[in-house]
Every structure is written in structure tokens, then in C-alpha cells.
Amino acid sequence: QVQVVESGGGLVQAGGSLRLSCAASGRIFITYGMGWFRQAPGKEREFVAALSRTEMSYYADSMKGRFTISRDDGFNTVYLQMNNLTPEDTALYYCAPKIKGGWNDFRSIADYDYWGQGTQVTVSS
């Protein structure tokens, strides 16, 4: 059984920082990499960042320069360092392994599975 657990969310003021963690365990091999997505109330889940096993990182345009994705040595845990947060970053943040779709597109949510419960990030103005 595969388990993905996100943590590190919380309430922060605008301009602040948070570091999210995502731990994957169980019978899974991270074939392509791991990705972070987020979902705000009333909106669809959207791509945030991804890290491939070949050490390529990908970011949504609005996160570039503010967010950094990284991993531990075994690729069992990935992190999302979020700086200069704004109220627009308020959302439930999820991570998941990319299990299909090849190496070319890490932004497609359809290529990810084994979603965790998410961790809530709330940014106050």
C-alpha cells in the first residue's frame, strides 16, 4: 500500500515563509519524480512545482523565484520551500508521485496518483 503524507502547512502573514514536506512510503518506486499541486476553495487543483529523478525542477509561472522544490537523498521525501507568500497562495497543498506520462511534461495532473490528504496553507494580508 502506498501512502503519501504532506505536512508543514499553517497560518502565515503575507511576505512570510513556510516549508512543506511530503513523505512517500509503501510499495512504490518513484519512477519519474514528485510534484506539488494546490487547490483553493472553488478552484481546480493546479500545478505548483515538480522535481524529476534527473534533478530537473519545474515551476508554475507565479511560483518561480519564490518557491523551491528539493528532496532527500532517497527521494522518499520532497520539500517545498515557499517564500514571499501572498494571500493568493492560500490553498490546500498536495503532493504525489508522477507515475506515467514520460519525462517531458511534469505539469499534467493526470500523470500523478497516490494523493495525500494535503496540508493547508493560509496566508493573511
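The following paragraphs examine the structure supplied in this document. (Residues numbered from 1 in each chain as written. Predicted model: local features only at pLDDT ≥ 70, side-chain atom pairs only at ≥ 80, totals over all residues. Heavy atoms only, no water.)

### Structural notes on the overall build of the chain
Secondary structure assignment for the chain yields zero helices and ten strands. Listing each helix as α and each strand as β along the chain from the N terminus yields β-β-β-β-β-β-β-β-β-β. Taken against the 2.2 N^0.38 rule, which gives 14 Å for 125 residues, the C-alpha radius of gyration of the chain at 13 Å falls within 12% of a compact globule. Its C-alpha atoms give the chain principal-axis dimensions of about 40 × 30 × 25 Å. Residue pairs at least 24 apart in sequence account for 57% of intrachain contacts in the chain once pairs closer than 6 positions are excluded. In the form shown here, the chain has an accessible surface area of approximately 6500 Å², with 45% of it arising from carbon and sulfur atoms. Side chains of the chain give 12 positive and 12 negative charges; the mean places of these two sets differ by 2 Å. (Helix = DSSP H or I, 4+ residues; strand = E, 2+ residues; numbered from the N terminus. Rg over C-alpha atoms; globule rule 2.2 N^0.38 Å. Contact = heavy atoms within 4.5 Å. Areas by Shrake-Rupley, 256 points an atom, 1.4 Å probe, with all protein chains shown as cover. Lys, Arg positive; Asp, Glu negative; His and termini not counted. Charge placed at Lys NZ, Arg CZ, Asp CG, Glu CD.)

### Observations concerning the nonpolar core
By size, the foremost hydrophobic cluster in this structure holds 37 residues, and its most contacted members are Met34, Trp36, Val48, Phe67, Leu80, Met82 and Tyr93. The biggest single contributor to this core is strand β5 (residues 46-52), with five residues. (Core = buried A, V, L, I, M, F, W, Y, C linked by side-chain atoms within 4.5 Å. Buried < 20%, exposed > 50% of the residue type's maximum accessible area, 1.4 Å probe, protein only.)

### Points about the packing of aromatic side chains
Enumeration over the complete set of coordinates arrives at seven aromatic pairs. Summarising the aromatic geometry, the rings of phenylalanine 37 and tyrosine 112 are spaced 4.9 Å apart at their centres and angled 75° between planes, so their arrangement reads as edge-to-face. Of the two residues, phenylalanine 37 is situated in strand β4 (residues 33-39) and tyrosine 112 in the loop between β9 (91-98) and β10 (119-124); the sequence distance between them amounts to 75 residues. Each member of the pair, phenylalanine 37 as well as tyrosine 112, carries the same accessibility label: buried. Each member of the aromatic cluster is reached from another via a ring pair, and the members are Phe37, Phe47, Tyr94, Tyr112 and Trp115. The ring of tryptophan 115 is capped by arginine 45, whose NZ or CZ atom sits 4.8 Å from the centre of that ring. Looking at lysine 98, its charged tip hangs above the ring of phenylalanine 106, at a distance of 5.1 Å from the centre. (Phe/Tyr/Trp six-rings, centres within 6.5 Å; stacked < 30°, edge-to-face > 60°. Lys NZ or Arg CZ within 6 Å of the ring centre and 35° of its normal.)

### Description of the pairing of strand β1 (residues 3-7)
Burial of β1 is one-sided: the residues Val4 and Glu6 facing one way are buried, the residues Gln3, Val5 and Ser7 facing the other way are not. In terms of strand pairing, β1 meets strand β3 (residues 18-25) through five bridges, oriented antiparallel. Its bridge partner lying in β3, glutamine 3 is registered against serine 25. (Pairing = 2+ DSSP bridges.)

### A look at the sheet that holds β1
Consider a sheet: its strands pair through backbone hydrogen bonds, and that pairing is either parallel or antiparallel. Strands sit in the order β1-β3-β8-β7 across an open sheet of four strands; the sheet is antiparallel. Only two strands of the sheet have a single partner each, and these edge strands are β1 and β7 (67-71). With strand direction ignored, the average angle separating the axes of adjacent strands in the sheet is 15°. Relative to strand β8 (residues 77-82), β7 is paired through five bridges, and the arrangement is antiparallel. Note that in β8 the partner of arginine 71 across the bridge is valine 78. (Axes fitted to C-alpha atoms, helices over the stretch in contact; angles between N-to-C directions.)

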